[in-house]
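# What the coordinates show
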Amino acid sequence: MRSLNRGTAEQKAPAEQEAPRWRTVQRGQPAPDLARKSSGLARYVAAATLARTADGGAVVAIVLMVTTSGAPGWLAGLLAACITAPHLLGPMVARSLDSCRDGRVLIAWACVLHGATLAAAVLLYPVMWPAVTGLLLVASGLVGPLLTGGISSRLPAIAGPDRVSQRRAQGWDVATYGIGGTIGPSVVAAISAWAGPTAAALILAGATFVAAALVRLLPHAPPAAPATDVPKPVQTLRLMAVTGRLRRMLYLTITVAFSVAALPIAAVASTATFQVQPAAAGILTAAYGLGGLAGSAGVLCRPLRGDADRLVTRLAGLVAAALAVAAVSVSFAPAVAAYAVAGVMNSYFFAATLAARSEFAPPQVRGQVFVWVGALKIAAGSAGTAAAGVVITGEPRFPLFLAAALILAAAGASALDRHSSGRWAD
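Residues numbered from 1 in each chain as written. Predicted model: local features only at pLDDT ≥ 70, side-chain atom pairs only at ≥ 80, totals over all residues. Heavy atoms only, no water.

## Digging into the side chain of Arg52
You can see Arg52 is positioned in helix 2 (residues 32-68). A relative accessible area of 3% means that Arg52 is categorised as buried. A polar contact is formed between the side chain of Arg52 and the backbone oxygen of Leu147, at a distance of 3.4 Å. A polar contact is formed between the side chain of Arg52 and the backbone oxygen of Thr148, at a distance of 2.7 Å. The residues touching Arg52, leaving out its near neighbours within four places in the chain, are Tyr44, Leu147, Thr148, Ile151, Ser152, Asp173, Thr176, Tyr177 and Gly180. (Helix = DSSP H or I, 4+ residues; strand = E, 2+ residues; numbered from the N terminus. Buried < 20%, exposed > 50% of the residue type's maximum accessible area, 1.4 Å probe, protein only. Polar contact = N/O pair within 3.5 Å; in protein donor to acceptor, adjacent residues only side chain to side chain. Contact = heavy atoms within 4.5 Å.)

Following this line, the structure appears as structure tokens:
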């Protein structure tokens, strides 16, 4: 026993001698791990903002390019669909995120391909058949999901295992989506008015090349499982359907995306009810967008706390409440405030869904889960816009009543689903 204790003491001695070197960080200076995490998050935010601004602003640039050339509106809509519709096929290419040895390389090449095909499409449009431009835009849209959900799947490895750090980082992620989807198109429109839509599209393409370089500088995260153990896309969707917490997050995400898509349609139709100019609809939609940015700032300052499963349900109910207030507003000012609150609540809800994806998705399918949810969310938003246009005849606020009721029904179903499943089932 004495020899064993002596050996143990001798083994501990070097560690004890080296221990002071780990405490040489001066007071006020960040620890090495914290500094490395902060620098990785800063690169992530820059890369995600550039990539998502390019992905969100490309549609505006394409529509402006076609319409200013004198082409018919149906061609502008068709070419815009060429870059947005392929997002629905994102899950078919997302498996490589979980199976490749270095996901950074895949996402970086996706950024390069997106930028190269977008630049080629706008440069060739004046001299080639529109079909050529359409094919190039389809290629650009196919890799679009890797610029949105694909980049988000890298965040858990950057933020670290701590829940507070994860959720603060998810607040940054929500902000990059808000900038890309709200401010990005406005900036593209401004550049188009100053230098032309082709120049705006080429700037977006250049932004994706910079994003590719920044993605390659993100911390490396090895694959969670061998490629042979990574499920196929349909198997991943089935896994989400049978896993209670992922299932509830998925159908609530689809329902909220379908419902809030009615806001722009209702804004345009309700200007007559509020006795304001039709252009005032832009104020309502801007209030919603600014509310979304304010919500992402709120998540940054005070990260979400508590179980992500319950947060998704509760925040979906708050989105429904904001839509209901917008629906019952009888004057313009309360409607603007309701639209802004709806934007805030939707950002908080989005942050909760990001937390649910990160915390509940098995590591070997995390990339696919992110892309699956993003693709279905885009499809639901498109369907919601179309549905709002169909049911808006007569009462302009009717779509908002339906949207609020639909979200409340889904939130109630989520609560019952959680109660009936029990903790052991998830």
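## Quick look at the packing of aromatic side chains
Per the stated rule, a full pass over the model turns up 2 aromatic pairs. Ring centres of Tyr177 and Phe350 lie 5.0 Å apart, and the angle between their planes is 80°; this geometry places the pair in the edge-to-face category. With a gap of 173 residues between them, Tyr177 in helix 10 (residues 163-195) and Phe350 in helix 17 (residues 332-360) connect regions that are remote in the sequence. With a relative accessible area of 22%, Tyr177 lands in the partly exposed category. A cation over an aromatic ring shows up here: Arg52 above the ring of Tyr177, its NZ or CZ 3.9 Å from the ring centre. Across from the ring centre of Phe350, 4.0 Å away, lies the NZ or CZ of Lys377, which sits over that ring. (Phe/Tyr/Trp six-rings, centres within 6.5 Å; stacked < 30°, edge-to-face > 60°. Lys NZ or Arg CZ within 6 Å of the ring centre and 35° of its normal.)

## Section: the environment of Gly150
With respect to the element layout, Gly150 can be found in helix 8 (residues 149-152). Spatially, the C-alpha atom of Gly150 lies 7.5 Å from that of Ala94, the residues being 56 residues apart in sequence. With near-sequence residues (within four places) excluded, Gly150 lies in contact with Leu97, Ile107, Pro145 and Val371.

## A look at the side chain of Thr253
Within the element layout of this structure, Thr253 appears in helix 13 (residues 244-260). For Thr253, a relative accessible area of 3% gives the class buried.

## Overview of the layout of surface pockets
In this model, the second largest pocket occupies a volume close to 280 Å³. What lines the second largest pocket is a set of 15 residues, and nearest its centre among them are Ser153, Arg154, Ala221, Pro222 and Arg366. Of all the secondary structure elements, the ones that give two or more residues to the lining of the second largest pocket are helix 4 (90-99), helix 9 (155-159) and helix 18 (366-391). (1 Å grid on protein atoms, 1.4 Å probe; cavity = no way out; pocket = protein on both sides within 12 Å on 5 of 7 lines; lining within 4 Å. Points joined across faces, edges and corners; volume = space filled by probe spheres on them.)

## A closer look at helix 12 (residues 233-242)
Because each turn of an α-helix spans 3.6 residues, side chains separated by three or four positions in sequence point in the same direction. Within helix 12, the full set of buried residues consists of Pro233, Thr236 and Met240. End-on, the buried residues of helix 12 take up no more than an arc of 60°, which puts them together on one face. Those residues of helix 12 that are exposed and angled more than 90 degrees off the buried face are Val234, Arg238 and Val242. Where helix 12 is buried, its residues meet helix 4, helix 13 and helix 18. (Arc of directions from axis to C-beta.)

## Overview of the confidence of the model for the chain
The predicted model of the chain has a mean per-residue pLDDT of 85, with 89% of residues at 70 or higher. In this model, residues 1-32 is a region of pLDDT below 50 whose contacts with residues beyond four sequence positions or in other chains number 3 contacts. (pLDDT = per-residue confidence, 0-100.)

## Describing the environment of Ala413
Among the structural elements, Ala413 can be located in helix 19 (residues 398-421). With 100 residues separating them in the primary sequence, Ala413 and Thr313 have C-alpha atoms 9.4 Å apart.

## A short note on unusual backbone geometry
One non-glycine residue, Gln275, lies in the positive phi region at around 60°. In this structure, Gln275 sits in the loop between helix 14 (262-274) and helix 15 (281-301).

## A word on the packing of helix 3 (residues 73-84) against helix 6 (residues 130-142)
Viewed as axis vectors pointing N to C, helix 3 and helix 6 meet at an angle of 30°, and their least axial separation amounts to 6 Å. With respect to each other, helix 3 and helix 6 are oriented roughly parallel. Facing Leu75, Leu79, Cys82 and Ile83 of helix 3, the residues of helix 6 in contact are Pro130, Thr133, Gly134, Leu137, Val138, Ser140 and Gly141. Here the contact of helix 3 with helix 6 is composed, by residue class, of 7 nonpolar, 4 polar and no charged. (Axes fitted to C-alpha atoms, helices over the stretch in contact; angles between N-to-C directions. Parallel < 35°, antiparallel > 145°, perpendicular 65-115°, else oblique. Nonpolar A, V, L, I, M, F, W, Y, C, P; charged D, E, K, R; others polar.)

## Some words on the nonpolar core
Core analysis: the biggest nonpolar cluster contains 57 residues, and Val319, Leu323, Tyr339, Phe349 and Leu400 have the highest contact counts within it. Looking at this core, the elements with two or more residues in it are helix 13, helix 14, helix 15, helix 16 (308-328), helix 17, helix 18 and helix 19. No other element matches the 15 residues that helix 17 contributes to this core. Not counting chain neighbours up to four residues away, the residues in contact with Leu400 comprise Ala262, Leu263, Ala266, Leu323, Ala326, Ala327 and Tyr339. Counting 26 residues, the second largest nonpolar core, distinct from the first, contains Ala47, Ala48, Ile151 and Val215. (Core = buried A, V, L, I, M, F, W, Y, C linked by side-chain atoms within 4.5 Å.)

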